[in-house]
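Understanding the architecture of this molecule
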Amino acid sequence: MSTFKALRVHQVEKTFQARLEPIQLSDLSAGEVVIRVAYSCLNYKDALAVTGKSRIMRSMPRVAGIDLSGVVESSADPHYRPGDKVLVTGCNLGELLDGGLAEFARVPAEAVVPLPAGLSLFEAMALGTAGFTAGMALRRMLENHQAPEHGPIAITGPTGGVGSVAITLFKRQGFTVSAITGKTTPAADEYLRMLGADEIVDRNSLDLGSKPMETARWGGAVDNLGGETLTYLTRTVKPWGNIGSVGLAQGHQLNTTVMPFILRGVSLLGIHSVEVPRPWRLQIWERLASDWKPQQLAKIVTRTVPLEEVPAMCAELIAGKALGRTVVRIGGEL
Ligand SMILES: NC(=O)c1ccc[n+]([C@@H]2O[C@H](COP(=O)([O-])OP(=O)(O)OC[C@H]3O[C@@H](n4cnc5c(N)ncnc54)[C@H](OP(=O)(O)O)[C@@H]3O)[C@@H](O)[C@H]2O)c1
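Rules of the game
Residues numbered from 1 in each chain as written. Predicted model: local features only at pLDDT ≥ 70, side-chain atom pairs only at ≥ 80, totals over all residues. Near = placed C-beta within 6 Å. Helix = DSSP H or I, 4+ residues; strand = E, 2+ residues; numbered from the N terminus. Nonpolar A, V, L, I, M, F, W, Y, C, P; charged D, E, K, R; others polar. Domains from an automatic or database assignment. Buried ≥ 20, exposed ≤ 12 C-beta atoms within 10 Å, placed from the backbone. Pairing = 2+ DSSP bridges. Axes fitted to C-alpha atoms, helices over the stretch in contact; angles between N-to-C directions. Parallel < 35°, antiparallel > 145°, perpendicular 65-115°, else oblique. Contact = placed C-beta atoms within 7 Å. Left-handed = near helix turned anticlockwise from the far one by under 90°.

Around the ligand lies a shell of 30 residues, among which G157, G160, G247, S273 and G320 are the nearest. Those elements that provide at least two residues to the shell around the ligand are α1 (44-51), α2 (121-143) and α3 (161-172). Here the residues of the shell around the ligand are counted per class, giving 11 nonpolar, 16 polar and 3 charged. Shared between two domains, the shell around the ligand takes at least three residues from each, and those domains are domain 1 (4-115 + 296-329) and domain 2 (130-270).

Along strand β12 (residues 220-223), one buried face is formed by G220 and V222 and the opposite face, lined by A221 and D223, is buried too. Here 3 bridges tie strand β9 (residues 153-156) to β12, and the two strands are oriented parallel to one another. Paired with I153 across the strands is G220, a residue of β12. Sheet topology places β12 next to strand β13 (residues 242-245); 3 bridges connect them, and they run parallel. Each residue of the ladder has a partner; that of V222, found in β13, is G244.

Another aspect to go through is the packing of α2 against helix α7 (residues 278-289). Two numbers describe how α2 lies on α7: the axes approach to 10 Å, and their chain directions differ by 100°. The orientation of α2 with respect to α7, classified from their angle, is roughly perpendicular. Where α2 approaches α7, its residues L127, G131, F132, G135, M136 and R139 are matched on the opposing element by I284, R287 and L288. Tallied by class, residues from the contact of α2 with α7 come to 5 nonpolar, 2 polar and 2 charged.

The geometry of α1 relative to helix α9 (residues 310-318) is characterised by a closest axis approach of 8 Å and an angle of 115° between their N-to-C directions. For the crossing formed where α1 meets α9, the hand is left-handed. When α1 is examined against α9, the residues Y44, D46, A47, V50 and T51 are found in contact with a partner set consisting of V310, P311, C314, A315, L317 and I318. When the residues that make up the contact of α1 with α9 are grouped by side-chain class, the tally is 9 nonpolar, 1 polar and 1 charged.

Shown next as structure tokens:
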């Protein structure tokens, strides 16, 4: 392995440009474990980094890709041996550290998760950070006593990666799920029903209201959008319901009052997938590989692309046009 292919983002004056280029191991950020990458995948954050829409990387050039699965090539940490199948999600890959959109990665041992029994390397990236984050939302909401009898779970951005997996996870726990989507095509409708959505709500037809609290409709929510959609959810979640705040695809602002929190006991739960206590990370991956594993996982992956097609796919993600998850095939099953 003298040189290998990597999708690196460079800063060129005030712009960020992604280039597929040959690099060497010595170009990568430090870490104990070298991994031959089998698959990576595309999350919203990858799309922001690769299109240059936002500054995701603290310094550049930096290999993009917040997730990877693959096989250990060499390890200075005794917990890992050549040939071990592993996955890495978050842990600052593709941000502070070089990431997974390359033929090889070098990562801190602390970031490495042994591939749990029940998942293939491909399935690990079918889930990726999106699936892990949906699992984190489920875990935090259940811990805070969310129960099916409280009413339907509203999931925003439901045709995206986090939303798709969240639908399957909450359905499997016996919840009724309402998908609040901006897509009104028959294909999106069919996709959401296939995942198990009980109700499909056109986001653009919602009356967002203006009062601190409006008629309560949702037992709880998983929000991928932020902005006025999250504001709406705070007004309409029922007493003691939880809102897992995951994303900002619509905006980072939240314009609300304390009323839902002090008069309805609503909880706003922060969902963060990058720096996670290791025991939680391992537990969530174990569940995703076993009793939480989506039966529809193969259908959630709507595209498997080579590294060369990543920039075009990232533009689609930013445009909000993509359905489901995109897996990037690098070395493939090894
Ligand atoms: N907290 C964390 O650790 C964490 C982890 C993963 C992701 N995230 C965040 O969660 C969000 C979803 O991530 P993802 O990977 O699932 O992204 P994704 O696959 O690109 O899906 C995002 C979905 O949001 C909707 N959407 C996209 N652009 C929009 C816009 N401008 N206005 C309104 N809706 C829009 C679309 O769904 P519909 O068309 O169905 O409405 C889209 O499919 C992102 O903001 C991401 O940064 C956070």
